[in-house]
Each structure stands twice: as C-alpha cells, then as structure tokens.
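Analysis of the macromolecular model
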Amino acid sequence: MNDTPPDRLCANAESPFHNAALLERGIGVRFKGVEKTNVEEYCISEGWVRLAVGRTTDRRGNPMTIKLQGPVEVWFKDAE
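Conventions used here
Residue numbering note: each chain is counted from 1, following its sequence as written. In keeping with the predicted nature of the model, local features appear solely for residues at pLDDT of at least 70, side-chain atom pairs appear and are counted solely at 80 or more, and the whole-chain, interface and lining totals rest on all residues. Side-chain numbers here rest on the full set of heavy atoms in the structure, without hydrogens or water. The cut-offs for exposure are 20% and 50% of the maximum accessible area for each residue type, with area from a 1.4 Å probe on protein chains only; residues under the lower value are buried, those over the upper are exposed, and the others partly exposed. The way it works is that DSSP assigns letters per residue, a run of H or I at least four long becomes a helix, a run of E at least two long becomes a strand, and they are numbered from the N terminus. Any two strands are treated as partners once DSSP identifies two or more bridges connecting them. Here an axis means a line fitted to C-alpha atoms, over the contact stretch when the element is a helix, while the angle between two N-to-C directions is reported on a 0 to 180 degree scale.

Looking at an unreviewed UniProt entry, one finds the protein named DUF3297 family protein, with Gluconacetobacter dulcium as its source organism.

**A short note on the pairing of strand β4 (residues 39-43)**
The buried fraction of β4 is high, at four of five residues. In this structure, β4 lies alongside strand β5 (residues 48-57), joined through four bridges in antiparallel fashion. In the sheet register, V39 faces β5, and the bridge partner there is L51. Hairpin remark: β4 followed by β5, antiparallel, with four residues in the connecting loop; positive phi at G47, about 70 degrees.

**Digging into the sheet that holds β5**
Within the open sheet, the four strands sit side by side as β1-β4-β5-β6. Their pairing is antiparallel. Taken across any chain shown, the strands that pair with only one partner, and hence form the sheet edges, are β1 (8-10) and β6 (63-69). Ignoring which end each strand starts from, the neighbouring axes of this sheet average 20 degrees apart. Across three bridges, β1 lies against β4 in antiparallel orientation. Note that in β4 the partner of L9 across the bridge is Y42.

Okay, structure coming up:
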C-alpha cells in the first residue's frame, strides 16, 4: 500500500477525483498550518482546499463550499 496521499482528492462520490478506499483509510489535512476537519476537496499541487460552510446544502444536497488558496499538507491518519 502506498503511503503517499494523492495530489487531489474529493469526498463527493460524483467527482472523478473521489476514491472511497483512501477516504476510509483516513486523510488528515493541514491548511496554512492548521488542521482542518471540514475539507471536502483538496489539491496539493495547485495549493487550495474546498471547505464545507456550516450545515448549508445546495439544491442537490451537497454541502456548500468555499475555495481557499494556500499551502496544503496531507497525510494518512492510519500512519500516525
């Protein structure tokens, strides 16, 4: 099993960047030095995260998100 997380990963099952096996394994995300628990999608190479905004949802039931730019660090939680 590879211990390097993918460059881009999304929690939405309809996204082409979704990988259920990796999400079950547990992913930790640190954005600008602060660990975030509400990350819906991230991209390490482009330096952004998409965070869920509260409990609001769009008309399809997906969480409303905001995209923030900055340094992103990702690791597997089972490796801790």
